[in-house]
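Observations on chain architecture
Chain by chain, the residues run as shown.
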Amino acid sequence: MTDVTVVGGGVIGLTAARRLREAGARVTVIAADPPEETVSTVAAAVWYPTHQEADPRVLRWSATAYEEFTRQARDGVPGVLLRRTRMLLRAPLPWWTAAAGDVTTVAGEIRFIAPLVEMSPYLDWLARGLTIERRRISALDELDGIVVNATGLAARELAGDDAVEPARGHVVLVENPGLDTSIRDESRSLYIHPRSRDVVLGGTFEQGRGDVTPDPAEAAAIRDRCIEAEPSLRDAPVIGSRIGLRPTRRGGPRLERAGNVIHCYGHGGAGMTMSWGCAEEVTALALRIS
Ligand SMILES: Cc1cc2nc3c(=O)[nH]c(=O)nc-3n(C[C@H](O)[C@H](O)[C@H](O)COP(=O)(O)OP(=O)(O)OC[C@H]3O[C@@H](n4cnc5c(N)ncnc54)[C@H](O)[C@@H]3O)c2cc1C
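Throughout what follows, the structure given in this document is the object of discussion. (Residues numbered from 1 in each chain as written. Predicted model: local features only at pLDDT ≥ 70, side-chain atom pairs only at ≥ 80, totals over all residues. Heavy atoms only, no water.)

Quick look at the pattern of salt bridges
What the rule picks out here adds up to 23 salt bridges. Ionic pairing is found between E109 and R111, a salt bridge with its closest N-O pair at 2.8 Å. Accessibility expressed as a relative area gives 7% for E109, which makes it buried. Exposure remark for R111: the relative accessible area of 36% places this residue in the partly exposed category. Residues R209 and D211 are paired through a salt bridge, measuring 2.7 Å at the closest nitrogen-oxygen approach. Via salt bridges that share partners, R19, E22, E68, R71 and E280 belong to a single interconnected network. (Salt bridge = Lys/Arg side-chain N within 4 Å of Asp/Glu carboxyl O. Buried < 20%, exposed > 50% of the residue type's maximum accessible area, 1.4 Å probe, protein only.)

Below, the structure written as structure tokens:
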């Protein structure tokens, strides 16, 4: 049995750990922060390969995850939902629609079913049965055996990778007034993603900004834009707002084996979207399955 240490307890690390265990590895996860303090918890966590280059790897990973989340929603995995989605189009059809199941184009928008994940219950489900050590490592070479580096933004230091940088994102949560269809307009950085009890209103994407300072004016502007697109949100009580730092990487995510370390980081605004595809590939690299 192969021993694998996964560093990182966000959606990328936990998904990889789960897949590795399913494939027969003996897995330990090392995570510095509790799940509720990871950027993964902040994510709107809707399947959208957004802000990614048209890269065949991204398409492959996203397609695998789309199928897996669709299966999980049908199996009742905690937090996993499927939502009708209207994406307003002001540009040609996005390159990734080949991975998005049945896509129809209707007067200025595309429609498809998007998997959406409520991260808190979902991360708990992913972590079930895994051995998790809560500690911060200072270097990857402290660890023996096969190591998966799924440390998101921290990979900038741990892997000495200057291509990694934060992209600040701000979302507002309101009570759900009864919506069950997602709306997205990427040209205005606008999205409305109804979950079971609340609705995630987004959002901002500030490349290179690495602080999480609250900004009430920004939150109000996000809410106003969303009300304009969906007036039924006007009376929905505000629950709060969340700010997170997406782990972006120039050139796209890094997923490769270097000696005994498998790097898997830099998923930017699409970590949930690519999670299961990346986990498959990490598993193959770790266990040398071809
Ligand atoms: C506002 C917002 C909206 C988003 N919406 C979406 C969306 O709709 N769809 C989507 O797919 N994605 C979305 N994302 C992006 C998504 O959140 C990220 O791509 C994803 O969470 C990255 O996961 P990760 O596991 O790589 O990183 P993280 O969640 O940051 O996890 C990193 C882990 O590494 C651990 N770690 C770091 N350093 C060390 C160390 N030295 N020692 C031990 N452990 C360490 C941390 O404790 C943590 O457990 C959104 C992000 C934001 C901010």
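Some points on the pairing of strand β14 (residues 254-258)
Sheet analysis places β14 next to strand β15 (residues 261-265), joined by five bridges and oriented antiparallel. Looking at the pairing, E256 lines up with H263 of β15. Hairpin geometry of β14 and β15 is characterised by an intervening segment of two residues between the two adjacent antiparallel strands and by a positive phi of about 65° at G259. (Pairing = 2+ DSSP bridges. Helix = DSSP H or I, 4+ residues; strand = E, 2+ residues; numbered from the N terminus.)

Some thoughts on the packing of helix α1 (residues 11-22) against helix α7 (residues 271-287)
For the pair α1 and α7, the least separation of the axes is 8 Å and the interaxial angle reads 45°. Viewed along their axes, α1 and α7 adopt a mutual orientation that is oblique. Between α1 and α7 lies a crossing whose hand is right-handed. Counted together, V11, I12, T15, A16, R18, R19 and L20 of α1 and G271, M272, S275, W276, A279, E280, V282, T283, A286 and L287 of α7 form the full contact between these two elements. (Axes fitted to C-alpha atoms, helices over the stretch in contact; angles between N-to-C directions. Parallel < 35°, antiparallel > 145°, perpendicular 65-115°, else oblique. Left-handed = near helix turned anticlockwise from the far one by under 90°. Contact = heavy atoms within 4.5 Å.)

Some thoughts on helix α4 (residues 119-127)
Burial in α4 covers these residues: M119, Y122, L123, W125 and L126. Taken around the axis of α4, the buried residues stretch over an arc of 160°, which confines them to a single face. In this fold, the buried residues of α4 make contact with α1, α2 (39-42), α3 (56-75), β3 (80-88), β5 (109-117) and α7. Where α4 terminates, the next one or two residues include G129, which has phi positive at roughly 85°. (Arc of directions from axis to C-beta.)

A few points about the site of the ligand
The immediate surroundings of the ligand are formed by 38 residues, with G9, D33, S40, G268 and T273 found nearest. Within the backbone of A44, an N or O atom sits 3.2 Å from a nitrogen atom of the ligand. Separating an oxygen atom of the ligand from a side-chain N or O atom of T273 is a distance of 2.8 Å. Contact with the protein chains covers 96% of the free accessible surface of the ligand, which is 1000 Å². Looking at the shell around the ligand, the elements that each hand over two or more residues are α1, α2, β8 (164-175), β13 (238-249) and α7. Taken together, the residues of the shell around the ligand break down into 20 nonpolar, 14 polar and four charged. (Near = heavy atom within 4 Å. Polar contact = N/O pair within 3.5 Å; in protein donor to acceptor, adjacent residues only side chain to side chain. Areas by Shrake-Rupley, 256 points an atom, 1.4 Å probe, with all protein chains shown as cover. Nonpolar A, V, L, I, M, F, W, Y, C, P; charged D, E, K, R; others polar.)

Things to note about the sheet that holds β14
Spatial ordering of the open sheet is given by β6-β2-β1-β7-β15-β14, a layout of six strands whose pairing is mixed. Two strands close off the open sheet at either side, each with one partner strand: β6 (131-133) and β14. Shown here is a sheet whose adjacent strand axes are inclined to one another by a mean of 20°, direction ignored. By the bridge criterion, three bridges tie strand β7 (residues 146-149) to β15 in an arrangement that is parallel. Directly across from N149, in β15, lies its bridge partner H263. Each of β7, β14 and β15 is contacted by α7, which is oriented at about 5° to β14, the strand it contacts most.

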